[in-house]
Amino acid sequence: MEVPREKQINLLNAAKDKTDVAKVVTGMRRTGKSTLFRQFRDSLDPNDNIIFLDLDLIDEEMDWEDLKKYVNDGFSGDGTHYVFIDEIQDVDKWERVVAEMIARRDCDVYITGSNSKLLSSELATKISGRYIEIQVYPLSFKEYMTLFPGDKYQRFDEFLRYGSLPIIEPSRGAEFCDRLLEDVFNTILVKDVLAHVGSNDVSKVIAIARYLFANIGNVTNVDNISKALGIGYPTVQKFVEAMVSAHLFEYCERYDIVGKKILQSKGKYYATDIGMRRVMMRGDQNPDISKPLENIVFMELRRRYPNVRIGSYRDYEVDFTVSNSDVTEYYQVTQTIMSDDTKNKEFRPYEKINDNYRKTILTTDRFGLGSYNGIDVVNVIDWLLGE
């Protein structure tokens, strides 16, 4: 069973037949980019000229001239050629082929890649301003429930444990799922991190990844990691940038609500997939789910809003401030607000912020929900499902 990725499909449909613009689908490996391509391809007229290349399935070294030949061999007839190239980033100078197809004006070009920095930098060089990027994240909880219907509270426990990569099926058992997650992690490290920084230092990159996994939701930076692990600053910087580009982690910058400016070097890192984090932190048996819960909310906000930041208001912190062209909102995340201390801690920043933007506290609590002096207390599972 496949889940329709409605937001991404809608964006692809909006860009369809815009032959002077390349559609670039990015995201971590195994998040469903290839499935999205197939879903969109299948919506086209079967009589259209469609060329579909999955470069992960071509068992040979390929350079841009080989890629060009593969594409040209697929051209037939007149009219628009719909060209889909999956995992293009491993072909040397691939951007030349994309630029040539854009220049022809009879090619509607769609490409995917697992390294956003590599794709954007190369495309900016060759076809600046003539591409759009469409991000694919792991499944949202709403999409997960479509794939695995049932009791939402039981499913959320699975979501917390196994994450939301579309290839994971909890019914196959913990050992199978964990091994699959570990294999995906290793593939990302080898193909999308080490290969692209020209290194084979597996031990250092794993140590850095585990540090970031252990510190999701905590303020950290390259200097902190370097000192904690005893690894040189340039090496840490190189690997962290590569892991963010490979979408293994997402960076959230800090925003000064009063001064309306970005605060450098005080951001946080979150795991793109929480199940992969648990597998790689196997020795950590901490039952506290507060940080994984915060991570899940962050990723959902990433899906919903173009701008997601940590809010800083004088001496107080708001977990997330989000905005688009029309809306600004604040979100606090807590496992429970049943104790007075926790309730005061979560409410206090909102009581200090003197504006009329919506303020929400997300919690796993099922009781004590509602609106309190303009502050909404909402069950996080219902919020994830849009209920």
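Starting from 1, residues in each chain are numbered consecutively following that chain's sequence as written. Thresholds applied to this predicted model are a pLDDT of at least 70 for local features of residues and 80 or more for the giving and counting of side-chain atom pairs; totals over whole chains, interfaces and linings are not thresholded and use all residues. Side-chain numbers here rest on the full set of heavy atoms in the structure, without hydrogens or water.

Colleague: Mind laying out unusual backbone geometry, listing which residues take part and the relevant values?
Modeller: As a rule of thumb, non-glycine residues mostly have phi less than zero, and peptide bonds are mostly trans rather than cis. Unlike most non-glycine residues, D17 shows phi in positive territory, near 70 degrees. Numbering of helices and strands runs from the N terminus, with a helix taken as a DSSP run of H or I at least four residues long and a strand as a DSSP run of E at least two residues long. Mapping D17 onto the fold places it in the loop between helix 1 (6-15) and strand 1 (22-26). What makes D17 partly exposed here is its relative accessible area of 40%. Located in the positive-phi region is N373, a residue other than glycine, with phi close to 55 degrees. Mapped onto the secondary structure, N373 falls in the loop between strand 12 (370-372) and strand 13 (375-379). Relative accessibility thresholds used throughout: buried, under 20% of the residue-type maximum; exposed, over 50%; partly exposed, between the two (1.4 Å probe, protein chains only).

Colleague: Please set out the side chain of N379 residue by residue, giving values where relevant.
Modeller: Examined against the element boundaries, N379 turns out to sit in strand 13. The exposure class of N379 is buried, given its relative accessible area of 2%. Separated by 2.9 Å, the side chain of N379 and the backbone oxygen of D365 make a polar contact. We define a polar contact as two N or O atoms separated by no more than 3.5 Å, with the added condition that, inside protein, one atom must be a possible hydrogen donor and the other a possible acceptor, whereas residues neighbouring each other in sequence contribute only through side-chain atom pairs. A polar contact of 3.0 Å, which involves the side chain of N379, links it to the backbone nitrogen of I381. Throughout, a contact is declared for two residues whenever any of their heavy atoms are within 4.5 Å. Each residue touching N379, except ones within four places of it in the same chain, is listed here: T363, T364, D365, R366 and L369.

Colleague: With reference to specific residues and values, describe the sheet that holds strand 4 (residues 107-113).
Modeller: Across the sheet, which stays open at both edges, the 5 strands sit in the order 2-3-4-1-5 with parallel pairing between neighbours. The open sheet has two free edges, formed respectively by strand 2 (49-54) and strand 5 (131-135), since each of these has just one partner strand. Within this sheet the neighbouring strands show an average axis-to-axis angle of 15 degrees, counted without direction. Pairing between two strands requires that DSSP report at least two bridges joining them. Pairing analysis gives 6 bridges linking strand 2 to strand 3 (residues 81-86), with the strands arranged parallel. Only the contacting stretch of a helix is used when fitting its axis, a line to C-alpha atoms as for every element, and angles between N-to-C directions run 0 to 180 degrees.

Colleague: So what about the nonpolar core? Which residues, and what values?
Modeller: Within the largest apolar cluster, 71 residues are counted, with the highest numbers of intra-cluster contacts made by M243, L248 and F320. For this core, the element with the highest residue contribution is helix 8 (residues 174-197), accounting for 8 residues. What F320 contacts, discounting residues up to four positions off in sequence, is C252, Y270, E294, V297, F298, L301, V308, R309, E329, Y330, Y331 and V333. Residues L55, F75, W94 and A99 belong to the second largest nonpolar core, which totals 27 residues. By nonpolar core we mean a set of buried residues, namely Ala, Val, Leu, Ile, Met, Phe, Trp, Tyr and Cys, connected to one another through side-chain atoms within 4.5 Å.

Colleague: Talk me through the packing of aromatic side chains; I want residue IDs and the actual numbers.
Modeller: For Phe, Tyr and Trp, where Trp contributes only its six-membered ring, two rings pair if their centres lie within 6.5 Å, and the inter-plane angle classes them as stacked under 30 degrees, edge-to-face over 60, or tilted in between. Tallied over the full model, the rule gives 21 aromatic pairs. Judged by centre distance (5.1 Å) and plane angle (65 degrees), the rings of F141 and F159 are edge-to-face. With F141 in helix 6 (residues 141-147) and F159 in helix 7 (residues 152-162), this pair connects stretches of sequence that are 18 residues apart. Judged by relative accessible area, F141 falls into the buried class, the value being 1%. F159 gets classed as buried once you look at its relative accessible area, which sits at 5%.

Colleague: I'd love a proper account of the packing of helix 1 against helix 2 (residues 33-42), names of residues and values included.
Modeller: Interaxial distance between helix 1 and helix 2 falls to 10 Å at its minimum, and their mutual angle equals 50 degrees. Compared by their axis directions, helix 1 and helix 2 come out oblique. Crossing geometry of helix 1 relative to helix 2 is assigned as right-handed. Across the interface between the two elements, Q8, I9, L12 and N13 from helix 1 touch L36, Q39 and F40 from helix 2. Just so you know how the angles are binned, under 35 degrees is roughly parallel, over 145 roughly antiparallel, 65 to 115 roughly perpendicular, and the rest oblique. Whether a crossing is left-handed or right-handed is set by the direction in which the near helix is turned from the far one by less than a right angle, anticlockwise for left-handed and clockwise for right-handed.

Colleague: Describe the pattern of salt bridges, listing the residues and the values that go with them.
Modeller: A pair is scored as a salt bridge if a Lys or Arg side-chain nitrogen falls within 4 Å of a carboxyl oxygen belonging to Asp or Glu. Applying the stated rule across the entire model yields 33 salt bridges. One salt bridge in this structure joins R29 and D192, with 2.6 Å as the shortest N-O distance. With R29 in the loop between strand 1 and helix 2 and D192 in helix 8, this pair connects stretches of sequence that are 163 residues apart. With its nearest N and O atoms 3.4 Å apart, the salt bridge here joins E182 to R282. Residue E182 is found in helix 8, and its partner R282 is found in the loop between helix 12 (274-280) and helix 13 (290-304); the two are separated by 100 residues along the sequence. Note on E182: relative accessible area 29%, which makes it partly exposed. Among the charged side chains, a network of salt bridges with common partners joins R29, D56, D90, K191 and D192.

Colleague: Could you give me a rundown of the packing of helix 9 (residues 202-214) against helix 10 (residues 222-229), with the residues and numbers involved?
Modeller: It is at 11 Å that the axes of helix 9 and helix 10 come closest, and there the two elements cross at 115 degrees. Crossing geometry of helix 9 relative to helix 10 is assigned as right-handed. Here A207, I208, Y211 and L212 of helix 9 lie close against helix 10, whose contacting residues are N224, I225, A228 and L229. Lys, Arg, Asp and Glu make up the charged group, whereas Ala, Val, Leu, Ile, Met, Phe, Trp, Tyr, Cys and Pro make up the nonpolar group; the residues left over, Gly among them, are polar. For the contact of helix 9 with helix 10, the residue count by class is 7 nonpolar, 1 polar and no charged.

Colleague: I'd like a description of helix 11 (residues 233-245), backed by residues and values.
Modeller: Take the number of residues in a helix, subtract one, and multiply by 1.5 Å to get its expected span. For helix 11, which comprises 13 residues, the first-to-last C-alpha distance of 18 Å matches the rise-based estimate of 18 Å (1.5 Å per residue) to within 8%. Contacts from the buried residues of helix 11 go to helix 5 (116-127), helix 8, helix 9, helix 10, strand 6 (249-256) and strand 7 (261-271). Looking at the residues trailing helix 11, positive phi occurs at H247, about 65 degrees.

Colleague: Which residues make up the confidence of the model for the protein, and what are the values?
Modeller: Residues of the protein with pLDDT of at least 70 account for 99%, and the chain-wide mean is 92. No element of the protein has a lower mean pLDDT than helix 5, at 79, and none a higher one than helix 15 (residues 380-384), at 98. What pLDDT conveys is the predictor's confidence in a given residue, as a value from 0 to 100.

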